[in-house]
Amino acid sequence: MPMKVIDAMKKQRILSLEILPPDRGQDIDEIFFTIDELMKFSPSFINITRHAPEISYVEIGDRIVKIPKVRKPGTVGVSAAIKNRYNVDVVPHVLCMGMSKFEIEDMLIDFKYLDIENVFVIRGEIENKREFTFEKDNYYHANELVEQISNMNKGIYLYPVDNPKPTNFCIGIAGYPEKHYEAMNFDEDMKNLKKKVDAGANYIITQMFFDFNVYKNFVERAREFGINVPIIPGIKPIVQTKSMLKIPSTFFVDIPNDLVVAMEEARSPKEEFEVGTKYMARLVEKLFDYGVSGIHVFTMGKGKSTKALLERVSYA
């Protein structure tokens, strides 16, 4: 029987791993290899991301056609493959971007037939936003999509149906401890998060962060705003100075100075790996001491750094 995220958290400290689908035209073997390396940690859930479309120009005959292209398609298929191969609960991501609300309903019905009861809702990011057109049947805000799924859980579908059977989805959403980069200020971001919870979200997974106090302050502010669902910390292993330096501009988060200094003082790639892993392990242990109900690890498809981190903390 599938286990909902919120039910699992009541029984044990959970471990959630996030996996990216393969690039278009590739196969799934590399994902299986990564998960094979991590199954010894008994993950409670494996999240499978879904990517928003990028605007591409394709030559068709004598015409150049502008189309939205998803670089990493296959969320539904990868979810089913992982669930069947490893007998582990999966949490596919559902995006507002790139699909109409009617197409999203059909995809959610696919998940229902696959006995998948957990979904993770995000708006999604699109490159070349000036060129991307939002149709009237598309959502721009994640709370709208959360509401649609919540309605399906009540047996309310977009298309009228006779004797509708309700779905049974547990709905996760994203939270931003350092504020979503589009929000005018932190309070406005909290109001938007509250909208998603009020629409029916059951739990929150945070964007990556690298300072315990950032997470603690976020949780405290969320509670002040009346947001009382579980908040799972999102953790990104750090093992290279080069990749670390790209994080602030890519994800709009800060890197603490002590981590920056320690990584830059490392004298070899091996030492960088050790310094970064040790730092992130201390962060996870602080979170455990704080009483978190589990962690969510952004693997980025890389099993080695995730394995090294989990071996240092209480999942080993």
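Let us look at the structure shown here. All figures in this text were calculated on a predicted structure; none of them were measured in a lab.

The rules we used
Residues numbered from 1 in each chain as written. Predicted model: local features only at pLDDT ≥ 70, side-chain atom pairs only at ≥ 80, totals over all residues. Heavy atoms only, no water. Helix = DSSP H or I, 4+ residues; strand = E, 2+ residues; numbered from the N terminus. Rg over C-alpha atoms; globule rule 2.2 N^0.38 Å. Buried < 20%, exposed > 50% of the residue type's maximum accessible area, 1.4 Å probe, protein only. Contact = heavy atoms within 4.5 Å. Areas by Shrake-Rupley, 256 points an atom, 1.4 Å probe, with all protein chains shown as cover. Core = buried A, V, L, I, M, F, W, Y, C linked by side-chain atoms within 4.5 Å. Pairing = 2+ DSSP bridges. Axes fitted to C-alpha atoms, helices over the stretch in contact; angles between N-to-C directions. Phe/Tyr/Trp six-rings, centres within 6.5 Å; stacked < 30°, edge-to-face > 60°. Expected span 1.5 Å × (residues − 1). Salt bridge = Lys/Arg side-chain N within 4 Å of Asp/Glu carboxyl O. Parallel < 35°, antiparallel > 145°, perpendicular 65-115°, else oblique. Left-handed = near helix turned anticlockwise from the far one by under 90°.

### Topic: the overall build of the protein
The helix and strand tally for the protein stands at 12 helices and 10 strands. Relative to a compact globule of 316 residues, whose C-alpha radius of gyration would be 20 Å, the protein shows 20 Å and is just as compact. Split into buried and exposed, the 316 residues of the protein put 51% on the buried side. Within the protein, residue pairs in contact and separated by at least 24 positions form 77% of the contacts whose partners lie at least 6 positions apart. Entry remark: accessible area of the protein is about 15,800 Å², with carbon and sulfur atoms responsible for 49%.

### Thoughts on the nonpolar core
Ile82, Leu108, Phe210 and Ile235 are the most contacted members of the largest nonpolar core, which has 78 residues in total. By residue number, the principal contributor to this core is helix α11 (residues 269-290), which donates 7 residues. Dropping the residues within four chain positions of it, isoleucine 235 is found in contact with Phe209, Met280, Leu283, Val284, Leu287, Ile295, His296, Val297, Phe298 and Leu309. In this structure, Met97, Cys170, Tyr203 and Ile205 belong to the second largest nonpolar core, which totals 16 residues.

### Some details on the sheet that holds strand β6 (residues 118-122)
The 8 strands lie next to each other as β1-β2-β5-β6-β7-β8-β9-β10, forming a closed barrel whose pairing is parallel. With direction set aside, neighbouring strand axes in the sheet form an average angle of 25 degrees. Sheet topology note: the strand β8 (residues 203-208)/strand β9 (residues 231-235) ladder contains 3 bridges and is parallel. Note on β9: the bridge partner recorded for isoleucine 205 is isoleucine 232. Sitting on the sheet, helix α3 (residues 75-86) touches β2 (45-48) and β5 (89-95), and the angle it makes with β5 is about 175 degrees.

### Here's the deal with the packing of aromatic side chains
Scanning all chains against the criterion turns up 7 aromatic pairs. On the basis of an interplanar angle of 20 degrees and a centroid distance of 5.5 Å, the ring pair of phenylalanine 209 and tyrosine 215 is categorised as stacked. Assessed through its relative accessible area of 0%, phenylalanine 209 is described here as buried. The exposure class assigned to tyrosine 215 is buried, which follows from its relative accessible area of 3%.

### Quick notes on α3
Under the 1.5 Å per step criterion, the end-to-end length of α3 is 16 Å for 12 residues, consistent within 8% with the ideal 16 Å. For α3, the full list of buried residues reads Thr75, Val78, Ser79, Ala80, Ile82, Lys83 and Tyr86. Packing partners of the buried residues in α3 comprise α2 (29-38), β2 and β5. Asparagine 87 lies just past α3 and shows a positive phi near 55 degrees.

### A word on the pattern of salt bridges
The final tally for this structure, using the stated rule, is 14 salt bridges. Lysine 307 is paired through a salt bridge with glutamate 37; the nearest N and O atoms lie 3.4 Å apart. Highlighted residues: lysine 307 in helix α12 (residues 303-312) and glutamate 37 in helix α2, separated in sequence by 270 residues. What makes lysine 307 partly exposed here is its relative accessible area of 25%. Relative accessible area serves as the criterion here: at 32%, glutamate 37 is assigned to the partly exposed category. Between arginine 123 and glutamate 182 there is a salt bridge, with its nearest N and O atoms 2.9 Å apart. Of the two residues, arginine 123 sits in the loop between β6 and α5 (142-153) while glutamate 182 sits in the loop between β7 (170-175) and α6 (186-198), which places them 59 residues apart along the sequence. When its relative accessible area of 13% is taken as the criterion, arginine 123 is described as buried. With relative accessibility at 34%, the residue glutamate 182 sits in the partly exposed group.

### A word on the packing of α2 against α3
Where α2 meets α3, the closest approach of the two axes is 12 Å, and the angle between their N-to-C directions is 40 degrees. Our classification of the angle between α2 and α3 gives oblique. Regarding α2 and α3, the two cross each other, and that crossing is right-handed. On α3, the residues touching Ile31, Phe32, Ile35 and Asp36 of α2 are Val78, Ala81, Ile82, Arg85 and Tyr86.

### Brief notes about unusual backbone geometry
Positive phi outside glycine occurs at serine 42, with the angle close to 50 degrees. Topologically, serine 42 is positioned in the loop between α2 and β2. Serine 42 gets classed as exposed once you look at its relative accessible area, which sits at 53%. A positive phi is found at methionine 300, a non-glycine position, where the angle reads about 55 degrees. By secondary structure assignment, the location of methionine 300 is in the loop between β10 (294-298) and α12.

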